[in-house]
Amino acid sequence: MRLIRRGIAVLGITAVLATGGCSTAALTTEAGQLDEVAAVTRDEALHALLPDDVKARGFIRLVTDASYAPMEYFAADGRTIIGFEPDLAAAIGQVLGIRVEMVVGAFSTAVDEVNAGTYDGVLSSMTDTAERRKKVDFVNYFYTGTSILVQRGNPHGIADLQDICGQAAATEKGTYHEGMLVRLRKECGSRKLTIHSLPTNADAMVELRSGRVAAVLQDYPPAAFVTTDQRTSAFFQLASDHQYEPGHFGIAVDRDNDDLRDCLRDALQRLIDSGVYNDLLARWELSASGVKAATINAG
Amino acid sequence: MWKRRVRPRVRSTSRLFATFAVASLVPVVALGALVLQDYTRDAAEQGRAQGLAQADVITQMVVAPALNSGDTPTLGGDDLSRRGLTADQHDRMREATRLAVFNGSVQHLRLRGFSGRVIFSDDGSSSSGVPVSDPDFQAASNGEPRARVIMGRTRTIRVMQPMFAGATGQSVGVVEVYLPYQEIADRLEQQVSHTFWRIGGGLAVLYVLLALLAWLTTRSLRRYAADQRYNALHDALTGLPNRTAFRTWVEERLDRATRDGGHGAMVLVDLNRFKEVNDTLGHHAGDELLREVSVRFRDSLGPDDILARLGGDEFALLLPGRDRTDAVALLEQARARLTEEMVLDGVPLSIEASFGIALYPEHGHHMEELKQRADAAMYQGKRGTMDIVVYSGEQAAQPHQWLVVQAELRHALERDELILHYQPKVGVSDGTVRAVEALVRWQHPERGLVPPGDFLPAAEHSGLIVPLTEWVLRRALTDQLGWTAAGKRWVVSVNVSARNLEVPGFPGLVAGLLAEHRTAPHWLMLEVTETALAGDTDTVQRAIAELSALGVGISVDDFGAGYTSLSHLRGMPVAEIKIDRAFVKDVAHDPQSRAIVRSVIELAHGLGSRVTAEGVETAEVYRWLIEAGCDEAQGYLIGRPVPWPQVEPDFSLPVIDYSEGFVR
């Protein structure tokens, strides 16, 4: 009997993962089922602390640019968003007892949209920086550095950041890496660095694949993913194992939305405590980048 | 058909072959159909795959760049559905598709939102296109491209595929493309048609080859079977039908004869002295002889007659439609042909044969019955002087009855049913009885007195003659004691078969019996047939020598009727020679017989033997014998066989006969 119920619970979790957190039905899992595996449980106290408008609306909308496997990307059907972040969002939603929707949007304008109230937050591998903190608060859930991605065989012999000088490099518009490249350009001096800022990370990869740029800067996890995934590993490699300027990723929430921010942090802490967070990291092979505790604006 | 060794004709159509032909046609046709079906399906699949690939290229090279133009990235499929294209995107799409549509490379191209709304159409229409409920549309909106061939005025391939607008792999809608398929279809059809003819032709050739092989195989099988059948029914040596075949043929003919009232003859033929040829000239010569004989037989026969070799030197004929005269005439002709001299291994020889004839329906309706009777007739012929004998009732049936007789005779010995009669032999000079010949009679409890001719051959044949002779000897010696006591001094003669002489210890037996009866050996005479003497075996020679040494007289019975050569007599201790009745009965009339008898008398005397004439039935003969110098006489004139007390001790010629004969 116990075995059967346990089996049902596992199936429930699998269903959550399969739908990538987009399905309301899957997210509002019966608490009893999840108790069996001591996994995600709805926290009524936290639910009560959610802002009233959110409770009234019945869901939280997080904007994401789904071009960043394995963090967030499109499934084969071209419509479903999958990855570590959709899973994390779904788990947070379960703790808070509310549906969390992932909505595709442009990364460069995401923070502005949040400030404008279009979305409740950004969950899109966004690095917690001082500049962004002027507009939003961050609930930190991830810690990693930046990698240099080059074509397989490294035709331009890039081993370090300085080697990119005199070349063209691509990155997604509005990202931390764009900022890194801008800073690098100043150091390059006469060896002029050309920066291609593109709407999505995928567009940056197209530039690198087609040889229009020598390198792409991006976070270590997606860089590691494309260099090991069998469909792309033939084309890309890491310039080195070094991770530059490590820092936290955070869920960006409007500075005036402290209730939601704290709810998200507490929910994340619950997931860390219960082990669900580590389990999700492990599923996407991201365990190295996990955080020990949920923090706010850790930088 | 049976007369010549002809391979039975093989039927040109064989059921076996037909079965094979049909049975192998089924898998060949099935294989062809299967291959063709597969090929056709593959061709259609290939067409669809080609359509999909083409549509994919169009999407990536035409649609995606057009949608990605400008600063507004295409985000959110539903958004695109609602908002539609920007004027810039729309213009680029028009630019990109116009030439392709004009050239017919693309028949139609539409962009559809997930709701089904037409976002772009090459012809500007917004109401046309596949309904949202169409499975192809549903599949494409779920990320799965689909291609379908549409049969219209010309054939078109319709591709529904997800619209992956950018590098992120996000699908923003469905691309609906109509591509010309007629040319592809024509090419594929041509390929299928080529394949059809190639495979069809190949299979047809294969089938024909298989059929040919099967035909050859079944033909050789049929021939083999026919040969087997032929061999089973024919004698390998002569090519004549064998016993089995003969039986089949004859049964069929007899059945027909019984039904239709036909008649005919069955003949069994046995070669005389074939064994001698085999023994002296070898088996090869024997085989050659049989072949020659079968050829000669065949040459003498009519087209309806059946000749078969039953085995060894035994042949059988069925002569349908021939009566007694016809059959005998035919066989005489055949015999004449047969007895013509032939040369085997350089040795000229002539072979003779015994023919036994049984007629149907006169002597039976059935194979076995007729064969038995023909066999009986043939044996009769072998015993007698006639070569061609027609079955003539019970008297010839000994071989058949021998078994019964033998069994009964055994009992007869045990139950003392046999009795001895004695026929006197008188001295020609004085007419006194010198000796008596013991002749056995069988007092059968049911059949009365059975003459010796009815049971002695059977006894001779079975070996029963040995105990029978012993019985006769014992009884004769006992009887002799009787008449000696009565004052009669008669030698007793007992007939002895060649078989008795062949039994080791026979002389000892005789000596023992003589001692037992306290009889001097010279009071016993053993009569041996000429043929037995000619038996030529060492055992017989030795037995005779031993008996003679014992003092027992040896008499040669039936002299002149058998095959004795005079050399046999030389050195043989013969006390008496009995001239065969065949010569004696004719001496009154036949000068040749007289000459023979005279010579024999002279010969016997020359050898130191007595001469006894058998079968003396008239006074005339008796007188002639006196005159010729014969020593003793035996016959009905002198006395018939009777129990010994009835034997007349003296014989005198009737006066009238004497005077008449003398006068003449």
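Scoring rules and cut-offs
- Residues numbered from 1 in each chain as written.
- Chains lettered and ligands numbered in written order.
- Predicted model: local features only at pLDDT ≥ 70, side-chain atom pairs only at ≥ 80, totals over all residues.
- Heavy atoms only, no water.
- Helix = DSSP H or I, 4+ residues; strand = E, 2+ residues; numbered from the N terminus.
- Buried < 20%, exposed > 50% of the residue type's maximum accessible area, 1.4 Å probe, protein only.
- Contact = heavy atoms within 4.5 Å.
- Areas by Shrake-Rupley, 256 points an atom, 1.4 Å probe, with all protein chains shown as cover.
- 1 Å grid on protein atoms, 1.4 Å probe; cavity = no way out; pocket = protein on both sides within 12 Å on 5 of 7 lines; lining within 4 Å.
- Points joined across faces, edges and corners; volume = space filled by probe spheres on them.
- Nonpolar A, V, L, I, M, F, W, Y, C, P; charged D, E, K, R; others polar.
- Phe/Tyr/Trp six-rings, centres within 6.5 Å; stacked < 30°, edge-to-face > 60°.
- Lys NZ or Arg CZ within 6 Å of the ring centre and 35° of its normal.
- Pairing = 2+ DSSP bridges.
- Disulfide = S-S within 2.5 Å.
- Axes fitted to C-alpha atoms, helices over the stretch in contact; angles between N-to-C directions.
- Parallel < 35°, antiparallel > 145°, perpendicular 65-115°, else oblique.
- Core = buried A, V, L, I, M, F, W, Y, C linked by side-chain atoms within 4.5 Å.
- Patch = residues over 30% accessible without salt bridge, like charges linked within 9 Å, V, L, I, M, F, W, Y side chains within 5 Å.
- Salt bridge = Lys/Arg side-chain N within 4 Å of Asp/Glu carboxyl O.
- Buried area = accessible area lost by both parts, 1.4 Å probe.
- Polar contact = N/O pair within 3.5 Å; in protein donor to acceptor, adjacent residues only side chain to side chain.
- Right-handed = clockwise from strand over helix to strand, strands pointing away.

Draft legend 1. Broad picture of the overall build of chain A. The helix and strand tally for chain A stands at 13 helices and 13 strands. Each of the 299 residues in chain A was classed as buried or not, and the buried ones make up 54%. For chain A, the proportion of contacts with a sequence separation of at least 24, taken over those separated by at least 6, is 75%. Accessible surface, chain A as shown: approximately 12,700 Å² in total, 51% of it carbon and sulfur.

Draft legend 2. Structural detail: empty space enclosed by the protein. Residue and element names in this part refer to chain A. Scanning all chains against the criterion turns up three cavities of 30 Å³ or more. Counted as a void, the largest cavity has a volume near 110 Å³. Counting residues per element, the ones that place at least two in the lining of the largest cavity are strand E8 (168-172), helix H9 (176-188) and strand E10 (215-219). Split into classes, the residues belonging to the lining of the largest cavity amount to five nonpolar, eight polar and five charged.

Draft legend 3. Expanded view of the packing of aromatic side chains. The tally for this structure, following the rule as stated, stands at 16 aromatic pairs over all chains. Residues Tyr 622 of chain B and Phe 651 of chain B carry aromatic rings whose centres are separated by 5.1 Å and whose planes lie at 70° to one another, so their mutual orientation is edge-to-face. Taken together, the positions of Tyr 622 of chain B in helix H21 (residues 619-628) and Phe 651 of chain B in the loop between strand E21 (632-634) and helix H22 (655-663) put the pair 29 residues apart, joining distant regions of the chain. Taken individually, Tyr 622 of chain B and Phe 651 of chain B each receive the classification buried, so the pair is uniform in this respect. Cluster of aromatic residues (ring-pair linked, three or more members): Phe 84, Tyr 141, Phe 142, Phe 249 and Tyr 277 of chain A. Over the face of the ring belonging to Phe 114 of chain B we find Arg 79 of chain A, whose NZ or CZ atom lies 3.2 Å from the ring centre.

Draft legend 4. A look at H21 of chain B. Counting buried residues in H21 of chain B gives seven out of 10 residues, a clear majority hidden from the surface. What H21 of chain B keeps buried is the set Ala 619, Val 621, Tyr 622, Arg 623, Trp 624, Leu 625 and Ala 628 of chain B.

Draft legend 5. The sheet that holds strand E3 (residues 72-74) of chain A, seen in detail. Residues and elements named next belong to chain A. Taken in spatial order, the three strands line up as E2-E3-E4 in an open sheet, and their pairing is antiparallel. What marks the edges here is a single partner per strand, and that holds for strand E2 (67-68) and strand E4 (81-82). The pairing of E3 with E4 spans two bridges and is antiparallel. Within E4, the residue paired with Tyr 73 across the bridge is Ile 82.

Draft legend 6. The environment of Arg 187 of chain B, seen in detail. All names here are of chain B. For Arg 187, the location among the structural elements is in helix H5 (residues 182-233). Residue classification places Arg 187 among the partly exposed positions, given a relative accessible area of 39%. In sequence terms Arg 187 and Gly 47 are 140 residues apart; their C-alpha atoms lie 9.9 Å from each other.

Draft legend 7. Spatial organisation of the state of the cysteines. All names here are of chain A. The final tally for this structure, using the stated rule, is one disulfide over all chains. The side chain of Cys 165 participates in a disulfide bridge whose partner is Cys 188; the two sulfur atoms lie 1.8 Å from each other. Across the S-S bond of Cys 165 and Cys 188 the torsion is about -75°, and the bridge reads as left-handed. On the criterion of sequence distance, the pair formed by Cys 165 in the loop between strand E7 (136-151) and E8 and Cys 188 in helix H9 is long-range, its members being 23 residues apart. Each of the two residues, Cys 165 as well as Cys 188, counts as buried.

Draft legend 8. Structural detail: the sheet that holds strand E1 (residues 108-112) of chain B. Residue and element names in this part refer to chain B. Pairing in this open sheet of five strands is antiparallel, and the strands run E2-E1-E5-E4-E3 from one edge to the other. Where the open sheet ends on each side, the last strands, each with one partner, are strand E2 (118-121) and strand E3 (146-151). The sheet shows a mean angle of 20° between the axes of neighbouring strands, direction not considered. Relative to strand E5 (residues 171-180), E1 runs antiparallel, the two being bridged by five bridges. Counted as the bridge partner of Leu 111 is Val 175 from E5. Contacting E1, E3, strand E4 (155-164) and E5, helix H1 (residues 15-67) runs over the sheet at an angle of about 45° to E4. The sheet contacts of helix H3 (residues 87-103) involve E1 and E2, and relative to E2 the element is tilted by about 40°.

Draft legend 9. Spatial organisation of the packing of helix H7 (residues 274-281) of chain B against helix H8 (residues 283-300) of chain B. All names here are of chain B. Direction vectors running N to C along H7 and H8 enclose 140°, while the axes themselves pass 6 Å from each other. As the angle between them shows, H7 and H8 are arranged oblique. Contacts from Phe 274, Val 277, Asn 278 and Leu 281 of H7 reach H8 at His 283, Ala 285, Gly 286, Leu 289 and Leu 290. Its residues assigned to classes, the contact of H7 with H8 comprises six nonpolar, three polar and no charged.

Draft legend 10. Unusual backbone geometry, seen in detail. Pro 70 of chain A follows Ala 69 of chain A through a cis peptide bond whose omega is 5°. Note on placement: Pro 70 of chain A falls in the loop between E2 and E3. The phi torsion at Asn 297 of chain A lies on the positive side, around 50°, for a residue other than glycine. Residue classification places Asn 297 of chain A among the partly exposed residues on the basis of a relative accessible area of 25%. Unusually for a residue other than glycine, Asp 345 of chain B sits at a positive phi of about 55°. Considering the arrangement of structural elements, one finds Asp 345 of chain B in the loop between strand E9 (342-344) and strand E10 (347-349).

Draft legend 11. Inspection of the nonpolar core at higher detail. Of all hydrophobic cores here, the largest spans 79 residues; its most connected members are Leu 418, Tyr 422, Leu 501, Val 510, Leu 524, Leu 526 and Val 616 of chain B. Leaving out residues up to four positions away in the same chain, Val 616 of chain B has contacts with Val 584, Val 621, Tyr 622, Leu 625, Ala 633, Gln 634, Gly 635, Tyr 636, Leu 637 and Ile 638 of chain B. Counting 43 residues, the second largest nonpolar core, distinct from the first, contains Val 40, Ala 89, Phe 249 and Cys 263 of chain A.

Draft legend 12. Here's a closer look at the environment of Phe 297 of chain B. Residues and elements named next belong to chain B. Its place among the elements puts Phe 297 in helix H8. On a C-alpha basis, the gap between Phe 297 and Gln 333 in space is 9.5 Å, while along the polypeptide they are 36 residues apart. Leave out the neighbours within four places in its chain, and Phe 297 touches Val 269, Leu 307, Phe 315, Ala 334, Leu 338 and Phe 355.

Draft legend 13. Main features of a nonpolar patch on the surface. A contiguous nonpolar surface patch, about 440 Å² in accessible area, is contributed by Val 205, Leu 209, Leu 212, Trp 215 and Leu 216 of chain B. Positionally, Leu 209 of chain B belongs in helix H5.

Draft legend 14. Summary view of the interface of chain A and chain B. Contact residues are listed per partner, giving 16 residues for chain A and 13 residues for chain B. Summing both partners gives a buried area of about 1,000 Å² for chain A against chain B, and 64% of it is carried by carbon and sulfur. Interface area lost by chain A to chain B is led by Phe 74, Asp 77 and Arg 79 of chain A, which between them contribute 44%. The tally of links between chain A and chain B comes to zero salt bridges. The tally of links between chain A and chain B comes to two residue pairs in polar contact (both at pLDDT 80 or more). Here the side of chain A that touches chain B takes three residues from helix H10 (residues 201-209) of chain A, the largest share from any one element. A breakdown of the residues in the side of chain A that touches chain B according to their chemical character gives nine nonpolar, four polar and three charged.

Draft legend 15. Highlighting the pairing of strand E20 (residues 610-613) of chain B. Residues and elements named next belong to chain B. As paired strands, strand E19 (residues 576-579) and E20 are joined by four bridges and run parallel to one another. Its bridge partner lying in E20, Ile 579 is registered against Ala 613. For E20 and E21, the ladder comprises two bridges, and the chain directions are parallel. In the strand pairing of E21, Ala 613 is matched with Ala 633. One crossover worth recording links E20 to the parallel E21 by way of H21, and it is right-handed.

Draft legend 16. View of the pattern of salt bridges. All names here are of chain B. Applying the stated criterion across every chain, the model contains 50 salt bridges over all chains. A salt bridge links Arg 158 to Asp 134, with the shortest nitrogen-to-oxygen separation between them at 3.7 Å. Here the residue Arg 158 occupies a position in strand E4, and Asp 134 occupies one in the loop between E2 and helix H4 (135-141), the gap between them amounting to 24 residues. On the basis of relative accessibility, which here comes to 8%, the residue Arg 158 falls in the buried class. The residue Arg 415 makes a salt bridge to Glu 417 at a minimum N-O spacing of 3.5 Å.

Everything listed here is a matter of geometry and, on its own, says nothing about what the molecule does.
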